[in-house]
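Listed here are the chains, written in short residue letters.
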Amino acid sequence: MSKHELIVIGAGPGGYIAAIRAAQLGLDTACIDDNENLGGTCLRIGCIPSKAMLESSERFHEVQAGLEVHGVKTTAVELDLAAMLKRKERIVAALTGGVKALFKKNKITHYRGRARLDGPGRVIVSESGQETALEARHVLIATGSTPATLKGAEPDGDRIGTSTEALSYDAPPKHLVVIGAGAIGMELGAVWKRLGTKVTVLEYLDRILPGLDGEVAREAHKLYEKQGIEFRLGKRVVSAKSHKDRAVVECEGDDPIECERVLVAVGRAPNTRGLGLETTDIKLDKRGFIPVDETYATVAQGVYAIGDVIGGAMLAHKAEHEGIACVEHIVTGYCHVDYDAIPNIVYTNPELACVGRTQEQLDEAGIEYRKGVFPFRANARARTLDQVDGLVKVLTDSRTDRLLGVHILHARAGDMIGEAAAAIAFAASGEDL
């Protein structure tokens, strides 16, 4: 039986960053993942490939429709989707290979296979019918999340799929129906709209981008509609079925929608299946997440959890920060994550980037605040870019002027939000920013 000081289950951003930091701090560290290519959903089939496709599709769209105003004329613009997909795969391969190199550099033992707990401090790795038993004083669960399912609209891997399939269509669909108007649905809907697809977004709520600031999301909604994305809000999808070369989506009280493909993007669910939690005292909460304390410790001695599997914002950089904090606590006894300073970005065009609290959250908490809103149409730099859509919204404490939230809707929002995140982390005032 192999023994380590720390075993990390899952090699996504939370897991591999935690493993690297633990090794840097001197722990004999192992990491278990069932994929040969390290990096988890984010690097392989999520964040990174989607951003690659967003960037490429935006370049294609700009050459088609956005350069004449700059005095640049183009002719005979063609889409080479195969080349676009190959570029995405090259980026993924480079980054997953980079993680592998970091594991080697930091002397982290990589076990390939599915891991399950066999009581605290003991982990079984299963691969191709073979089982390997491992022991460690500390075990960190970083298994992430999987696409949530919708009853009646289960993915079939063909006409009806998740974000994984939507990142690799072999041709732009004539008509794509997106179920869910969250970040994943809006980003992938934007990719295929730019490449010539008719996109219809169905959302159960009466707004898009739930959880983000309502005022900014409403403005984004208007801009997405101007780009040609069709929205049907307040719609309850009851079924999505494949029929040979097409799919049919049915909503409660509405006519069926025929399309070529369906993207089910109704959120993500914690990945705890087969983890062997029943061999410990760990009980999932009512939403299926693993409960932890402020040091990311579970009720089981020596077992910790971070990232999507514990809830909160399902963001790669949140999981990374939690992983670092967790292993540093194991080694040093100190642990802190400032959740108010973790930014979130929707990479459409314009981008929607935010950090801190929304106006709705402040209202609900009864916090008195001041609000400042400024349109980019009145900003000189935005005009030189010919990117005048959007606004910036700043929320500060009405008594102390301390920054409480910053929300930006603009083509460069993701580049700018870092300043606001740093300001909030250092308890800056609105005047400081």
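Above this text is the structure in question.
Residues numbered from 1 in each chain as written. Predicted model: local features only at pLDDT ≥ 70, side-chain atom pairs only at ≥ 80, totals over all residues. Heavy atoms only, no water.

Draft legend 1. Geometry of the layout of surface pockets. In this structure, the second largest pocket occupies an estimated 1,200 Å³ of space. Lining the second largest pocket are 36 residues, and of these E58, H61, N349, Q387 and A411 lie nearest its centre. At the level of elements, α3 (47-65), α6 (183-194) and α7 (214-226) are the ones that each hand at least two residues to the lining of the second largest pocket. By residue number, the principal contributor to the lining of the second largest pocket is α3, which donates ten residues. Residue composition of the lining of the second largest pocket, grouped by class: 13 nonpolar, ten polar and 13 charged. (1 Å grid on protein atoms, 1.4 Å probe; cavity = no way out; pocket = protein on both sides within 12 Å on 5 of 7 lines; lining within 4 Å. Points joined across faces, edges and corners; volume = space filled by probe spheres on them. Helix = DSSP H or I, 4+ residues; strand = E, 2+ residues; numbered from the N terminus. Nonpolar A, V, L, I, M, F, W, Y, C, P; charged D, E, K, R; others polar.)

Draft legend 2. Looking closely at unusual backbone geometry. Here N349 and P350 are connected by a cis peptide whose omega angle stands at 5 degrees. Within the secondary structure, P350 sits in the loop between β18 (344-346) and β19 (351-356). One non-glycine residue, A76, lies in positive phi territory at about 50 degrees. Looking at the secondary structure, you find A76 in the loop between α3 and α4 (81-105). One non-glycine residue, Y296, lies in positive phi territory at about 70 degrees. Looking at the secondary structure, you find Y296 in the loop between β16 (268-270) and β17 (303-305).

Draft legend 3. Main features of the sheet that holds strand β9 (residues 175-179). If you walk across this open sheet you meet the five strands as β8-β15-β9-β10-β11, and the pairing is parallel. Edge positions in the sheet fall to β8 (160-161) and β11 (230-233), since each has one partner strand and no second. For strand β10 (residues 198-203) and β11, the ladder comprises four bridges, and the chain directions are parallel. Bridged to L202 within β11 is R232. α6 contacts β9, β10, β11 and β15 (261-264) of the sheet and is inclined by roughly 165 degrees relative to β10. (Pairing = 2+ DSSP bridges. Contact = heavy atoms within 4.5 Å. Axes fitted to C-alpha atoms, helices over the stretch in contact; angles between N-to-C directions.)

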